[in-house]
Amino acid sequence: LNRKYDTSTFERMTQELKISLVTKLEVMKEEESCLELECQENKKELQGLGERFREAATSYQADKFKLHVSEIEKIVSLILSLTGRLVKLVNALDNMEWNGVDERDDLERKRVKLVDQLDEAK
């Protein structure tokens, strides 16, 4: 009787976990779609601003603006990359068992370094 109860409990919990994960995945896909749309709108707006600026500015100012936009894109890319790496590292630290103190210390040092790099990039 206990084995049957344990099996049905396990199956129920597994199903609940699966439903929860599928729901979270759907929400994340919808958020990703919204972010992609917002990103496209921002790019269009930036292109429009760039065109208007080039019409009104000298070629030196237009080139400077273009360089500035390029630098901002690189900084944003760097921040996103560092943030992604930091999230993975924090998750690894949160899920790590305490049997690897040296490995945990190494990950903590990496976390501190990533936080410093992220602060510098901002």
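For the structure, see preceding data.
Since we're looking at a predicted model, the values are computed, not measured.

Draft legend 1. Focus on the pattern of salt bridges. According to the stated counting rule, one finds 4 salt bridges in the structure shown. A salt bridge links R111 to E108, with the shortest nitrogen-to-oxygen separation between them at 3.2 Å. Remark: E108 and R111 occur in helix α3 (residues 101-121); sequence separation between them is 3 residues, near one turn of the helix. Given the relative accessible area of 27%, R111 is considered partly exposed. One salt-bridge network, held together by shared partners, links D106, R109 and K110.

Draft legend 2. Layout of helix α2 (residues 59-95). End to end, α2 covers 54 Å across 37 residues, agreeing with the expected 54 Å (1.5 Å per residue, within 8%). Within α2, burial applies to A62, V69, L82, L86, L89 and L93.

Draft legend 3. Focus on the packing of α2 against α3. Where α2 meets α3, the axes come as close as 9 Å, and the angle between the chain directions of the two elements is 155 degrees. Classed by the angle they form, the pair α2 and α3 counts as roughly antiparallel. Where α2 crosses over α3, the two elements pack in a sense that is left-handed. Taken together, the residues of α3 that come into contact with α2 (itself represented by I75, L78, I79, L82, T83, R85, L86, L89, V90, A92 and L93) are R104, L107, E108, K110, R111, L114, V115, Q117, L118 and A121. Residues that form the contact of α2 with α3 fall into these classes: 14 nonpolar, 2 polar and 5 charged.

Rules used throughout
Residues numbered from 1 in each chain as written. Predicted model: local features only at pLDDT ≥ 70, side-chain atom pairs only at ≥ 80, totals over all residues. Heavy atoms only, no water. Salt bridge = Lys/Arg side-chain N within 4 Å of Asp/Glu carboxyl O. Helix = DSSP H or I, 4+ residues; strand = E, 2+ residues; numbered from the N terminus. Buried < 20%, exposed > 50% of the residue type's maximum accessible area, 1.4 Å probe, protein only. Expected span 1.5 Å × (residues − 1). Axes fitted to C-alpha atoms, helices over the stretch in contact; angles between N-to-C directions. Parallel < 35°, antiparallel > 145°, perpendicular 65-115°, else oblique. Left-handed = near helix turned anticlockwise from the far one by under 90°. Contact = heavy atoms within 4.5 Å. Nonpolar A, V, L, I, M, F, W, Y, C, P; charged D, E, K, R; others polar.

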